[in-house]
Amino acid sequence: MRRFYEDKVLPVAQPSQKRYIHYFSGLLSGAIKMNNKPLFLHHVIMHGIPNFESKGGCRPFLKIYQAMQPVYTSGIYNVQGDSQTSICITIEPGLLLKGDILLKCYHKKFRSPTRDVIFRVQFHTCAIHDLGIVFGKEDLDEAFKDERFPEYGKVEFVFSY
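Rules used in this analysis
- Residues numbered from 1 in each chain as written.
- Predicted model: local features only at pLDDT ≥ 70, side-chain atom pairs only at ≥ 80, totals over all residues.
- Heavy atoms only, no water.
- Helix = DSSP H or I, 4+ residues; strand = E, 2+ residues; numbered from the N terminus.
- Rg over C-alpha atoms; globule rule 2.2 N^0.38 Å.
- Contact = heavy atoms within 4.5 Å.
- Areas by Shrake-Rupley, 256 points an atom, 1.4 Å probe, with all protein chains shown as cover.
- UniProt positions renumbered as here; feature names shortened; annotations may be inferred.
- Pairing = 2+ DSSP bridges.
- Axes fitted to C-alpha atoms, helices over the stretch in contact; angles between N-to-C directions.
- Salt bridge = Lys/Arg side-chain N within 4 Å of Asp/Glu carboxyl O.
- Buried < 20%, exposed > 50% of the residue type's maximum accessible area, 1.4 Å probe, protein only.

Going by an unreviewed UniProt entry, the protein carries the name C2 tensin-type domain-containing protein and comes from Staurois parvus.

Set out below in structure tokens:
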């Protein structure tokens, strides 16, 4: 175990990698109980607007993957604001999720075919036991080290069974 930890765990760079190590450790120790219920995702709320535009704000859209297969793409939003502003992206009807989930939030550049990653977050539904989960900046891949993402920004997920 020590050799595995030194060889494989120490170079972990992204928050989602650390989250999965926590899942694995918790499942082995019994600290995390398996949730076998599928979840329906209804809302993704971004608290604090990243600064990806020259005048502030961003043009976010979401892509959601289940088992690395795309299952949902939102429309593009045009959001102005600051660290005190929130945006709620509603998915109706709720999106059925089960297993390994990857959500990527992109900024669609204005009048350009390119996009930037605002944040990325990966989680497994077996470790979700509440109908709401919040990821702070430090829990979001890419955003945790990006100065354009508000320091106290966070992303909230609202589920139902």
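Past the structure itself, the notes keep going.
Participant: Could you give an account of the overall build of the protein, with specific residues and numbers?
Facilitator: When you go through the protein residue by residue, the secondary structure sums to 2 helices and 8 strands. The C-alpha radius of gyration of the protein comes to 16 Å, within 12% of the 15 Å expected for a compact globule of 161 residues. Based on the C-alpha atoms only, the size of the protein along its principal axes is roughly 50 × 35 × 30 Å. Considering only residue pairs separated by 6 or more positions, the protein has 66% of its internal contacts joining residues 24 or more positions apart. When the accessible surface of the protein is summed, it comes to about 9300 Å², and 53% of that surface belongs to carbon and sulfur atoms.

Participant: Let's hear about the UniProt feature "domain: C2 tensin-type" (unreviewed entry) in the protein: which residues, and what values?
Facilitator: Under the feature "domain: C2 tensin-type" (unreviewed entry), the UniProt entry names residues 36-161. The span residues 36-161 is 0% helical and 51% strand by assignment, and the distance between its end C-alpha atoms comes to 11 Å.

Participant: Give me the sheet that holds strand S8 (residues 154-160): which residues, what numbers.
Facilitator: Across the sheet, which stays open at both edges, the 4 strands sit in the order S4-S1-S8-S7 with antiparallel pairing between neighbours. Taken across any chain shown, the strands that pair with only one partner, and hence form the sheet edges, are strand S4 (86-97) and strand S7 (132-136). Averaged over all pairs of adjacent strands, the angle between strand axes in this sheet comes to 15°, irrespective of strand direction. Note: S7 against S8, 5 bridges, orientation antiparallel. The partner of Gly-136 across the bridge, within S8, is Lys-154.

Participant: I'd love a proper account of the pairing of strand S5 (residues 100-108), names of residues and values included.
Facilitator: Where strand S2 (residues 60-66) lies against S5, 7 bridges are found, and the strand directions are antiparallel. Residue pairing across strands places Tyr-65 opposite Leu-102, the latter belonging to S5. The pairing of S5 with strand S6 (residues 115-124) spans 9 bridges and is classified as antiparallel. Looking across to S6, one finds that Tyr-106 is bridged to Val-117. In sequence, S5 turns back onto S6 through a hairpin of 6 residues, with Arg-111 there showing a positive phi of about 50°.

Participant: Please provide a residue-by-residue account of the pattern of salt bridges, values included.
Facilitator: Applying the stated criterion across every chain yields a total of 6 salt bridges. Of the charged contacts, one joins Lys-137 and Glu-151 as a salt bridge, the two residues approaching to 3.6 Å between their closest N and O atoms. On the criterion of sequence distance, the pair formed by Lys-137 in the loop between S7 and S8 and Glu-151 in the loop between S7 and S8 is long-range, its members being 14 residues apart. When its relative accessible area of 6% is taken as the criterion, Lys-137 is described as buried. The shortest N-O distance in the salt bridge between Asp-146 and Arg-148 comes to 3.0 Å.

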